[in-house]
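# Coordinates in review
One letter stands for each residue in the lines below.
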Amino acid sequence: MAHRNVPLTLSEYEDLLRLGRAYRLDAVRIQRGDWSLDVNFAPGPAASTPAGDTLRTEGAEPPAPVQVTPADTATHTVVAPVAGIVHLTAAPGEPALVAVGDKITAGTTVAVIEAMKMMTNIVSERGGMIAEVLVAAGDMVAPGQPLFLIREAEA
């Protein structure tokens, strides 16, 4: 089998797989010049994608955001502003930005979301105590998905 240059990096391929699974796509086709890649996310025989499509998605509706209702009115929910992969540390090998029980102030970065190699800092609009972390590092999140519950500081 002859090997040739593939215009898709391993990181781009991994991102494609994560996004395809997160958005429950059936199949996707990537085409760059005379090179193309068909990815079938559904079980069973490979799906065919018509030639000429540069990107075809079927069932591309993003998953419905999870609805979290705070236990009391003194709890604030931090939600994802964009879809992407959530990181709970500022950089690999560093400690978590926040943990349950941490006291934070408004403007504290609580997570980072990576989408298309762009990093978006997730900042709490309110101060208080981290009551619950609703996602795990590496999870794929959708816009509006709850990430943290913050209990307002008691007066």
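Small disclaimer: the values here were computed from a predicted structure and weren't measured. (Residues numbered from 1 in each chain as written. Predicted model: local features only at pLDDT ≥ 70, side-chain atom pairs only at ≥ 80, totals over all residues. Heavy atoms only, no water.)

## Describing the sheet that holds strand 3 (residues 75-79)
- What the four strands build is an open sheet, ordered 3-10-8-5; its pairing is antiparallel. With partners counted over all chains shown, the strands left at the sheet margins are strand 3 and strand 5 (103-104), one partner each.
- Two elements, strand 3 and strand 10 (residues 146-151), share five bridges in a ladder whose sense is antiparallel. Bridging across to strand 10, Val79 finds its partner in Pro146. (Pairing = 2+ DSSP bridges. Helix = DSSP H or I, 4+ residues; strand = E, 2+ residues; numbered from the N terminus.)

## Some thoughts on the nonpolar core
- Val110, Leu147 and Phe148 are the most contacted members of the largest nonpolar core, which has 16 residues in total.
- Elements with a contribution of two residues or more to this core: strand 6 (109-115) and strand 10.
- Excluding anything up to four places from it in sequence, Leu147 contacts Val78, Val79, Ala80, Ile113, Ile122, Glu132, Val133, Leu134, Val135 and Val141.
- Among the nonpolar cores identified, the runner-up in size contains seven residues, and Leu25, Val28, Ile30 and Val39 belong to it. (Core = buried A, V, L, I, M, F, W, Y, C linked by side-chain atoms within 4.5 Å. Buried < 20%, exposed > 50% of the residue type's maximum accessible area, 1.4 Å probe, protein only. Contact = heavy atoms within 4.5 Å.)

## Describing the environment of Met116
- Position of Met116 among the secondary structure elements: in the loop between strand 6 and strand 7 (118-123).
- Along the sequence, Met116 and Asp15 sit 101 residues apart, while their C-alpha atoms lie 7.9 Å from each other.

## Thoughts on the sheet that holds strand 7
- One open sheet accounts for four strands, arranged 7-6-4-9; its pairing is antiparallel. Only two strands of the sheet have a single partner each, and these edge strands are strand 7 and strand 9 (140-141).
- Note that strand 6 and strand 7 share six bridges and pair antiparallel. For Ala115, the partnering residue across the bridge sits in strand 7 and is Met118.

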